[in-house]
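Descriptive structure summary
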Amino acid sequence: MTIHAEPEAPRRAASPAFPHAITDPSRVPVGRYFDREFARRENEKLWPHAWQFACRLDEILRPGDFTEYRINDQSILIVRETADTVKAYFNACRHRATALGNGTGTFHGGQIVCPYHGWRWNLDGSSSYVYARRGFAPDCLDPDSLRLRECQVGTMFGLVFVNMDPAAPPLATAMAGIASTLAPIGFERMRVRWWRHLILPANWKMAQEAFMEAYHIMQAHPSLSMGAADDDYDIDVLGGNFECFAGGHAHLRPSDGSVPVPGMSMADYFTQFNNALYVGTDAYATDREMFLQQSLATRDIDPDEYPMAFFGALYEYAAGAGIPLPPPATDTTGYAHIFPNMTVLPAYGNSIIYRVRPNGNDPESCLFEVWAVQIPADGDDEPDPPVLEGPIEIEDWPQIFKEDFRNIAAQQKGVHTQGMRDLVLSGRYESMIVNSHRVIDEYLSR
């Protein structure tokens, strides 16, 4: 189900179902970003019941490989069961709750072994050994009782998603709308170029929302706005408009191809935009695109036709280099939010991926991860599992990331000032944020 990108006229509830609930879609109570009781409600009502991106499949390449996904006080082991199946287990021994794995690793011999008393499980979660079982009452050894407790697990786009609620709708249902939008991009073909993280002094929603609108580009990212002024800001030029879905997902439709900076040719805008993102991220645009862009510099190309010439060169290069780019698609996305805490920014067979999680029980701290991924050439060696770098301090990130992270920290500081009761949102420019809060409140009202 698709919902209209812009909210209707403000609707005010007579009595909010809980503190800091949204009663006007254009205003967000600031308590949602620091109130501990609100965070406790999210921990109880949202995170245990929402599908969330837990890891990439290339983090668990072989049977027995595992990685730990933590959200609030919950630890979940994502385990490669077979070449084609993945399991997700609550990370606790059925004997005395010892954590069975930490970080990443491999359960050798197809056995998950408790490090405390040596109880063991097969990779499918069934019990395979209880040390000195004769000392336990028979009902303690019931096979169903001994099985590791599972989360729902699903895979999509080369990613593993988990849901702690056994009654939650399946992943395919939860991803309705956004899945078909993202399918043409080829995420499942991409490999990690780098994976880094930092700890931001901000609520997880505050950090997430910085990447759910393009309205901030003019001021926050001068290398991307290139002098565009207030009168130049037209959302249809800068990237189409927003499509929001009932499940909280949303995306920005592709641009209509117009130049958002008057007086600048399409060729100049396109190349300068790529240059800024290459220097600022080395992810959205990479060495591959810079090589192609340089190769076009000596050609006599109509400035208005430059993007078509670039993409023609890209696909010609990819065919020769054995890079399986997906077919060109116009009905896809400029960037997308996957509810509740994931953002993707795809381009040219590459993408940046963000994931934001609460940092323990502190509502004003979050773990912010960034992946740079790219479709490689066929026949490349099988990759090693990606390694997480960091935490990296804000000032040590590339310029564009640094600009965003500084503003996020400044927002979190600002919500505590006297007289600041709510944030004001534009239903047109910030509808992805409006939609996300709407669905958060649906969870918190249950």
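Residues numbered from 1 in each chain as written. Predicted model: local features only at pLDDT ≥ 70, side-chain atom pairs only at ≥ 80, totals over all residues. Heavy atoms only, no water.

Take the environment of Asp142 next. In this structure, Asp142 sits in the loop between strand 10 (127-129) and helix 2 (143-146). Counting along the chain gives 277 residues from Asp142 to Gly419, while the straight-line C-alpha distance between them is 59 Å. In terms of polar contacts, Asp142 uses its side chain to reach the backbone amide nitrogen of Asp144, at 3.1 Å. (Helix = DSSP H or I, 4+ residues; strand = E, 2+ residues; numbered from the N terminus. Polar contact = N/O pair within 3.5 Å; in protein donor to acceptor, adjacent residues only side chain to side chain.)

Attention now goes to the sheet that holds strand 12 (residues 159-163). Strand order across the open sheet formed by three strands is 3-12-11, with antiparallel pairing between neighbours. Both outer strands of the open sheet, strand 3 (52-56) and strand 11 (152-156), are each paired with one neighbouring strand and no more. Here the average twist between neighbouring strands, direction ignored, is 35 degrees. Pairing geometry for strand 3 and strand 12, over four bridges, is antiparallel. Paired with Arg56 across the strands is Leu159, a residue of strand 12. (Pairing = 2+ DSSP bridges. Axes fitted to C-alpha atoms, helices over the stretch in contact; angles between N-to-C directions.)

A cluster of acidic residues, Asp300, Asp302, Asp304 and Glu305, forms a negative patch at the surface. If you trace the backbone, Asp304 turns up in the loop between helix 10 (287-296) and helix 11 (306-321). (Patch = residues over 30% accessible without salt bridge, like charges linked within 9 Å, V, L, I, M, F, W, Y side chains within 5 Å. Areas by Shrake-Rupley, 256 points an atom, 1.4 Å probe, with all protein chains shown as cover. Salt bridge = Lys/Arg side-chain N within 4 Å of Asp/Glu carboxyl O. Lys, Arg positive; Asp, Glu negative; His and termini not counted. Charge placed at Lys NZ, Arg CZ, Asp CG, Glu CD.)

Domain annotation of the chain identifies domain 1 (52-163) and domain 2 (176-445). Distance from the C-alpha centre of domain 1 to the C-alpha centre of domain 2: 34 Å. Each partner contributes to the interface: domain 1 provides 18 residues, whereas domain 2 provides 23 residues. Taking both sides of the interface into account, the surface hidden between domain 1 and domain 2 amounts to around 1,700 Å²; carbon and sulfur atoms contribute 64%. It is Phe53, Arg56 and Phe157 in domain 1 that bury the most area against domain 2; as a group they hold 40% of the surface buried on that side. On inspection of domain 1 and its partner domain 2, the count reaches zero salt bridges. Mapped by element, the contributors of at least two residues to the side of domain 1 that touches domain 2 are strand 3, strand 4 (65-71) and strand 12. In terms of residues, the side of domain 1 that touches domain 2 owes the most to one element, strand 3, which gives five residues. (Domains from an automatic or database assignment. Contact = heavy atoms within 4.5 Å. Buried area = accessible area lost by both parts, 1.4 Å probe.)

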